[in-house]
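# Commentary on secondary and tertiary structure
Single-letter residue listing:
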Amino acid sequence: MKIAPILLVAVYLLGLALWLIPSFSNPIPYGEGDASIHYFLANAMVQTDKPVLVQPKAVSQWEMDAPETNPHNLLINAPQYHTSLALFLMQNNFYIFLAVMCSLSFFTIYLLLKNLYNPVVGLIGAFMVPFSLREQLTFIWGQWATAWSFALVPLIILLYFLYTKEQKKIYLGLLIAITVTQFLFHPLGVLISFTVLLIYSIILVCKDKKLPFKISHVIVGGVIFVLALIALEPFQLSQIGNRLGSDVTTPTEQFGFSISRLFGWYNIPGGTHGIPQFYFSFNDIYYGYWLLVPLIIGILLLLFRRSKEDWLMLSTLAGFYIITHLDLIGIDLGPKYPRLFYFESLLFIPIIAIGVYYIVDFIKDFKFKNYVRYGLIAVFGIAFIYINAVPSLNLFNSVYTGVERMNVEELTTAQWVSNNVPDDSYLLLIGFPTFKQATWFQAMVPGKVAVFDFNKLMATEDKNINKTTHFVIDYSFLYQLNRNDIIEQIQQLESNIATNSKLIYDDNNMKVYAK
Amino acid sequence: MILLDISAFIMGAWAITYPLYINLELYIEKDLSVIVSFILGVVFMSSFTYYFAFVTGSIKIAMLCFLVIYIVTGFGVNYAIKRTKRNSASVQ
């Protein structure tokens with residue numbers, strides 16, 4: 001089928017263009033706290049042209065430094081992650097790179113379904129990825145490392161499937177290389193990959209009455225995996241162990257066996273750890289319950305047919321269920337637990353594609369079976385565009401506008417501060433309307449330390465407040481929002497500051513004073 | 001400006017993908033090779049650049065060194081594999 005690659009690339013470029021609307025329409029970076037910390041660390045490398053080993057002082061503004069888990073304040077993520085961000089930030093195509101990496105699941109799902117079933121199933125699955133709200137939010141919010149890591153799960157299980165078919169060493173080698181990569185991006189993805197591979201291996205052993213791999217291959221592969229990790233992220237491995245230890249809390253009465261949890265999906269005990277509640281609702285995330293129909297059909301088909309390919313998909317479903325239900329046996333994975341649901345749509349999408357393509361197989365052979373099949377696929381495609389893709393366009397057109405994002409005045413001031421204020425200065429931010437402006441301002445000046453409190457116009461609690469060397473006063477948003485009451489308060493503050501400090505920058509309703 | 005950024009990205013993506021791709025596609029499917037090469041290319045580039053930047057003192061210089069070494073090695077290995085295959089075919 002020669003048309004498949006052309007369609008694949010066309011849909012991908014369309015999806016990519018959609019994802020890049022917020023950065024092409026406004027070049028100012030955006031995202032939640034995670035996005036700004038990653039940008040901050042990449043920017044620290046770009047501005048100094050040096051690799052970051054010890055994290056800059058200002059990283060504490062994101063409350064990242066836990067002395068017990070990271071006593072030497074070394075870079076927390078594997079260096080490959082922030083270095084790759086820095087390299088593409090240098091080339092001025094930061095968001096293009098991020099969008100490509102976060103949408104890798106488009107290709108990995110296509111490859112998985114194409115190799116397990118056929119290119120049409122692959123195309124149906126891939127087509128859904130750019131318009132999946134869960135993928136979009138993970139990218140927009142800035143959970144990039146998690147998105148990259150989870151996008152590799154379909155590729156890893158495919159490589160394992162290909163390896164078990166012929167036991168070719170090349171697939172095992174690539175499997176190890178991609179799993180190491182997954183670990184470097186985010187270890188959470190490896191948890192899912194390994195669980196799926198384990199379940200699938202057990203099924204193959206039961207089915208074929210022999211091991212699906214050579215023991216020598218697994219031993220050598222395991223050694224290479226560990227050695228590669230030690231070589232590629234020597235300073236981060238111990239932190240991961242420490243962090244896992246501190247994240248796993250003592251089981252409380254919330255954790256343990258309960259019937260509602262056994263048959264539940266989203267009822268995670270212990271809270272969502274900052275992720276909005278709608279993220280754990282099928283109705284909200286998939287724009288209604290209509291996708292539940294092809295999903296259930298897909299699961300039923302897999303259960304009825306039970307070929308090796310079907311078992312692999314069922315293993316993924318079972319693996320995800322087990323990992324997200326560890327609380328049933330009293331294990332709490334801590335704050336990272338809800339993040340596992342970033343993977344949920346990558347799990348559902350292939351099964352939905354299988355359901356859509358093979359639904360006609362429930363009926364015995366008839367004359368126009370293929371016409372009916374492609375007719376149903378077309379109906380599904382149109383419904384998907386109408387119900388899921390159109391709201392995606394609205395989302396990307398409206399996301400991070402107004403007070404949700406830094407404005408040009410703040411960005412220009414940050415650039416001026418970056419070039420003209422000495423490094424290691426402490427900048428007390430006044431008038432920045434939300435936490436987002438403050439953290440992104442900090443991300444723009446990685447050599448300095450911004451002093452601010454969460455969503456407060458002026459810091460009163462920040463631990464560095466007594467170290468202040470400069471005051472950065474932001475009237476820009478307040479004028480835009482016509483908040484004259486607050487402007488007057490800040491003007492009074494400014495008159496007090498002006499008595500002991502020198503005005504060194506005054507442009508576009510932004511002022512900087514040096515003590 | 002956007003077109004310039006996209007062009008720069010495509011060039012960068014090509015530089016980190018192609019040297020590995022031409023070798024992988026000799027052994028596995030082409031579409032699988034492209035994706036695997038791109039992912040591993042990103043990791044190779046960032047790993048080499050990060051650690052070599054401690055030696056060179058500059059991320060930019062380390063990245064340029066990586067690209068030169070990577071591209072030359074990729075094409076060199078590809079040439080060697082193809083020559084070995086040709087030789088073994090002619091012997092048979």
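Rules and cut-offs
- Residues numbered from 1 in each chain as written.
- Chains lettered and ligands numbered in written order.
- Predicted model: local features only at pLDDT ≥ 70, side-chain atom pairs only at ≥ 80, totals over all residues.
- Heavy atoms only, no water.
- Pairing = 2+ DSSP bridges.
- Helix = DSSP H or I, 4+ residues; strand = E, 2+ residues; numbered from the N terminus.
- Axes fitted to C-alpha atoms, helices over the stretch in contact; angles between N-to-C directions.
- 1 Å grid on protein atoms, 1.4 Å probe; cavity = no way out; pocket = protein on both sides within 12 Å on 5 of 7 lines; lining within 4 Å.
- Points joined across faces, edges and corners; volume = space filled by probe spheres on them.
- Nonpolar A, V, L, I, M, F, W, Y, C, P; charged D, E, K, R; others polar.
- Contact = heavy atoms within 4.5 Å.
- Patch = residues over 30% accessible without salt bridge, like charges linked within 9 Å, V, L, I, M, F, W, Y side chains within 5 Å.
- Areas by Shrake-Rupley, 256 points an atom, 1.4 Å probe, with all protein chains shown as cover.
- Salt bridge = Lys/Arg side-chain N within 4 Å of Asp/Glu carboxyl O.
- Buried < 20%, exposed > 50% of the residue type's maximum accessible area, 1.4 Å probe, protein only.
- Parallel < 35°, antiparallel > 145°, perpendicular 65-115°, else oblique.

All names here are of chain A. Taken together, the 5 strands give an open sheet; going across it, the order is 2-1-3-5-4, and neighbouring strands pair in mixed fashion. The two strands at the open ends of the sheet, each matched to only one other strand, are strand 2 (449–451) and strand 4 (502–507). Taking the axes of each pair of neighbouring strands and ignoring which way they run, one obtains an average angle of 25 degrees across the sheet. Sheet analysis places strand 3 (residues 470–474) next to strand 5 (residues 510–514), joined by 5 bridges and oriented antiparallel. Paired with histidine 470 across the strands is alanine 514, a residue of strand 5.

This part is about the layout of surface pockets. In this structure, the second largest pocket spans a volume of roughly 960 Å³. Residue lining of the second largest pocket: 31 residues in total, with Val9, Tyr12 and Phe107 of chain A together with Val34 and Ile35 of chain B positioned closest to the centre. When contributions to the lining of the second largest pocket are tallied by element, the ones reaching two or more residues are helix 1 (3–19), helix 5 (94–102) and helix 6 (104–116) of chain A together with helix 1 (2–24) and helix 2 (30–56) of chain B. Residues that form the lining of the second largest pocket fall into these classes: 28 nonpolar, 1 polar and 2 charged.

Here we come to the side chain of arginine 261 of chain A. As for its placement among the helices and strands, arginine 261 of chain A is situated in helix 15 (residues 259–262). For arginine 261 of chain A, the residues in contact, after removing those within four places along its chain, are Asn267, Ile268, Pro269, Tyr321, Thr324, His325, Asp327, Leu328 and Tyr337 of chain A.

What follows concerns a nonpolar patch on the surface. Residue and element names in this part refer to chain A. A surface patch of nonpolar side chains, about 1,100 Å² in accessible area, is lined by Ile296, Leu300, Leu303, Phe304, Phe362, Ile363, Phe366, Phe368, Tyr371, Val372 and Leu376. Secondary-structure elements contributing two or more residues to the nonpolar patch are helix 17 (292–305) and helix 20 (369–398). Under the relative-accessibility criterion, valine 372 is labelled partly exposed at 33%.

To continue, consider the packing of helix 17 of chain A against helix 19 (residues 344–358) of chain A. All names here are of chain A. In contact at an axis separation of 7 Å, helix 17 and helix 19 are set at 80 degrees when each is read in the N-to-C sense. Judged on the interaxial angle alone, helix 19 and helix 17 are roughly perpendicular. Here Pro294, Leu295, Ile297, Gly298, Ile299, Leu301, Leu302 and Arg305 of helix 17 come into contact with helix 19, specifically with Phe348, Ile351, Ile352, Ile354, Gly355, Val356 and Tyr358. By residue class, the composition of the contact of helix 17 with helix 19 is 12 nonpolar, 2 polar and 1 charged.

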